[in-house]
Amino acid sequence: MIELKNITKHYQIGPSSLTVLNQLNLSIKKQDMLAIIGESGSGKSTLLNILGLLDQNYLGHYQLNGQILKQQSDQELSQLRNQHIGFIFQSFNLLERMSVLDNIVLPLTYRRQSNKQNYAAATKALEQVGLADKAHVSPSTLSGGQKQRIAIARAIVTQPSILLADEPTGALDPKVAAGIMQLFKQLNEAGLTIIMITHDHELAKHCKQTQILRDGSLHNL
Ligand SMILES: Nc1ncnc2c1ncn2[C@@H]1O[C@H](COP(=O)(O)OP(=O)(O)OP(=O)(O)O)[C@@H](O)[C@H]1O
Ligand SMILES: [Mg+2]
């Protein structure tokens, strides 16, 4: 599903260059559930941004669902992202002026489907995360754990092939974090492929595999 080969990423900071990823390889198959751990600054978010097609400025090869990614236009990239990838961040990134259901439906509005179909899909995603009763409230009235569930519903409403999560439980207390991990496990069992970044070795144990990002590449634990 995902093949990264010899991915190298430099950041140019003034006259000097910082190498964050160095000849990194990664192979992900359908229904994998991978945790990536690593020290702060080791390049975890940099890697996830490349995987999530948010950054194309790297060396090496990236193949996603059989398609080689190379110099796609911004429009093609957004389309690929919308079609294949669900993204979850530590900070939820919900729009508080919209209702929960309108937040979830948002990624579908870029597709040529009827409103009715879109809202039916959003309602189903909301049910999957266990918050059907919150459809019409503002996200500002929800707890952190509930907000993250809404963000997960928004990420899965497009039926992506892969879910990328950057410290999804970083802002949550341990009990709530464990609930989010249970939800990830359910989604994974139902067929979703998941790559999750975490600082927390205990949470990583919920995943099927763990790799550590160190010195610019991934190593098995
Ligand atoms: N846009 C940028 N320009 C220059 N340097 C950057 C940029 N983004 C990240 N870096 C540097 O690249 C390195 C890796 O950053 P990254 O955010 O990928 O780390 P991380 O593993 O996600 O860390 P954390 O666990 O703290 O989130 C850091 O040294 C950071 O300072
Ligand atoms: Mg990070």
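Structure's up top.
Predicted model only: the values in this text are computed from it and were never measured. (Residues numbered from 1 in each chain as written. Chains lettered and ligands numbered in written order. Predicted model: local features only at pLDDT ≥ 70, side-chain atom pairs only at ≥ 80, totals over all residues. Heavy atoms only, no water.)

1. Examining the packing of aromatic side chains
- Scanning the entire structure with this criterion turns up one aromatic pair.
- An angle of 5° between the planes, with centres 4.7 Å apart, marks the rings of Phe-87 and Phe-89 as stacked. (Phe/Tyr/Trp six-rings, centres within 6.5 Å; stacked < 30°, edge-to-face > 60°.)

2. A few points about the packing of helix α5 (residues 144–156) against helix α6 (residues 174–189)
- Running from N to C, α5 and α6 point in directions that differ by 20°, and their axes come no closer than 10 Å. On the basis of the axis angle, α5 is roughly parallel to α6. Along this stretch, α5 crosses α6, giving a crossing that reads as right-handed. Taken together, the residues of α6 that come into contact with α5 (itself represented by Gly-145, Gln-148, Arg-149, Ile-152 and Ile-156) are Val-176, Gly-179, Ile-180, Leu-183, Phe-184 and Leu-187. (Axes fitted to C-alpha atoms, helices over the stretch in contact; angles between N-to-C directions. Helix = DSSP H or I, 4+ residues; strand = E, 2+ residues; numbered from the N terminus. Parallel < 35°, antiparallel > 145°, perpendicular 65-115°, else oblique. Left-handed = near helix turned anticlockwise from the far one by under 90°. Contact = heavy atoms within 4.5 Å.)

3. A look at the nonpolar core
- With 41 residues, the main nonpolar core has Ile-104, Leu-126, Ile-150, Ile-152, Leu-163 and Phe-184 as its most contacted residues.
- Mapped by element, the contributors of at least two residues to this core are β3 (33–37), α3 (100–105), α4 (115–128), α5, β7 (162–166), α6, β8 (193–197) and α7 (201–204).
- Sequence-distant contacts of Ile-104, defined by excluding residues within four places in its chain, comprise Ala-122, Ala-125, Leu-126, Ile-150, Ala-153, Arg-154 and Val-157.
- In terms of nonpolar packing, the next biggest core, distinct from the first, is built from 29 residues, Leu-4, Leu-26, Leu-213 and Leu-218 among them. (Core = buried A, V, L, I, M, F, W, Y, C linked by side-chain atoms within 4.5 Å. Buried < 20%, exposed > 50% of the residue type's maximum accessible area, 1.4 Å probe, protein only.)

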